[in-house]
Amino acid sequence: MASFVARVVNRCEEANETKNLNLSECELIQVPDAVYHLMRHTELKTCDLSGNVITKISPKFAVKFSLITELNLSHNQMAKLPDELADLHSLQQLDISHNSFITLPAVVFKMPKLRELRAHNNAIIDIDRDEIITSDSLELVDLRHNPLTPMCHELLRNANVSFRIELSEREKEEWEDLTI
């Protein structure tokens, strides 16, 4: 435990110089309050929280790290994101892959500069069709390796959007192959 605390403190000190906070693989269940304190005078550019056991991000994350352009939340245990992340007005890249999302969080479509959304390898079954069409900044949405419903997969494949949607080939369910 102490070694993880030391690792987090050391990485915060590095980030004060580099403006890139890397807290990956620190066995975090959330962003510790101490991190916000240690980073209070630093304008972070990127934040990597991948490879932890984080289940949720605090709403204050967006307040404290409002200028970040890249956020990596991959390989955690998240199923939702706080609406406050819409306040990340500079965020261009968001990676929420390898988590437990069953729907795409609506907040991602409210991030004004988001260009790249990586949401592959989740449990996403469906997406809110009204939401996905509304982004002006998006260039790429990666939804590969999600168990999308046949209808959702078809809609996304044929969606008339200004950005690229990456999908895996949909594998037919056993019941879909039944011939009468």
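Analysis parameters
- Here the residue numbers are simple positions, counted from 1 along each chain's written sequence.
- For a predicted model such as this one, the threshold for reporting local features is a pLDDT of at least 70, and the threshold for listing and counting side-chain atom pairs is 80 or more; totals across whole chains, interfaces and linings nevertheless cover every residue.
- Processing note: side-chain calculations cover all non-hydrogen atoms of the structure and skip hydrogens and water entirely.
- In DSSP terms, a helix is any run of H or I states spanning at least four residues, a strand is any run of E spanning at least two, and both are numbered starting from the N terminus.
- Between two residues, a contact is recorded if the distance between any of their heavy atoms is within 4.5 Å.
- Put simply, two rings from Phe, Tyr or Trp (the six-membered ring, in Trp's case) pair if the centres are within 6.5 Å, and we call them stacked under 30 degrees between planes, edge-to-face over 60, tilted for the rest.
- Burial classes follow relative accessibility: with a 1.4 Å probe on protein chains only, a residue under 20% of its type's maximum area counts as buried, one over 50% as exposed, and anything between as partly exposed.
- At least two bridges found by DSSP between two strands is the condition for calling them paired.
- Comment: axis = line fitted to C-alpha atoms, over the contacting stretch for helices; angle = value between 0 and 180 degrees taken between N-to-C directions.
- In this description, a nonpolar core means a group of buried Ala, Val, Leu, Ile, Met, Phe, Trp, Tyr and Cys residues linked to one another through side-chain atoms lying within 4.5 Å.
- Take a side-chain nitrogen of Lys or Arg and a carboxyl oxygen of Asp or Glu: if they are within 4 Å of each other, that pair is a salt bridge.

An unreviewed UniProt entry lists the chain under the name Leucine-rich repeat-containing protein 20, with Culex pipiens pipiens as the source organism.

As for its position among the elements, Val8 is in helix H1 (residues 2-18). In sequence terms Val8 and Asp33 are 25 residues apart; their C-alpha atoms lie 12 Å from each other. With near-sequence residues (within four places) excluded, Val8 lies in contact with Leu23, Cys26, Leu28 and Val35.

Turning to the packing of aromatic side chains, a few remarks are in order. Each aromatic ring pair is characterised by the separation of its centres together with the angle its planes make. Counted according to the given criterion, the structure contains two aromatic pairs. Relative to Phe65, the ring of Tyr36 lies with its centre 5.5 Å away and its plane at 40°, an arrangement referred to as tilted. Pair noted here: Tyr36 is in helix H2 (residues 33-38) and Phe65 is in the loop between helix H3 (60-64) and strand E3 (70-72), with a separation of 29 residues, a long-range link. The residues Tyr36 and Phe65 share a single accessibility class, namely buried.

Strand order in the open sheet made by the seven strands is E1-E2-E3-E4-E5-E6-E7, with parallel pairing throughout. Looking at the sheet topology across the chains shown, the edges are occupied by strand E1 (20-22) and strand E7 (164-166). The average angle at which neighbouring strand axes cross in this sheet is 5°, direction not considered. Where strand E2 (residues 46-48) lies against E3, three bridges are found, and the strand directions are parallel. Considered in E3, the bridge of Cys47 is made with Leu71.

Among the nonpolar cores identified, the biggest contains 49 residues, and Leu21, Leu49, Phe61, Leu71, Leu81 and Leu94 are the most heavily contacted of them. Of all the secondary-structure elements, those providing two or more residues to this core are H1, H2, H3 and helix H5 (150-157). For this core, the element with the highest residue contribution is H1, accounting for three residues. Leave out the neighbours within four places in its chain, and Leu94 touches Leu71, Leu73, Leu81, Val108, Met111, Leu114, Glu116, Leu117 and Arg118.

Next up on the list: the pattern of salt bridges. Under the criterion given, the structure shown has eight salt bridges. Residue Lys60 pairs with Asp33 through a salt bridge whose shortest N-O separation is 2.5 Å. With a gap of 27 residues between them, Lys60 in helix H3 and Asp33 in helix H2 connect regions that are remote in the sequence. On the accessibility criterion, Lys60 (31% relative accessible area) is partly exposed. Measuring nitrogen to oxygen at the nearest pair gives 2.7 Å for the salt bridge that ties Glu166 to Arg164.

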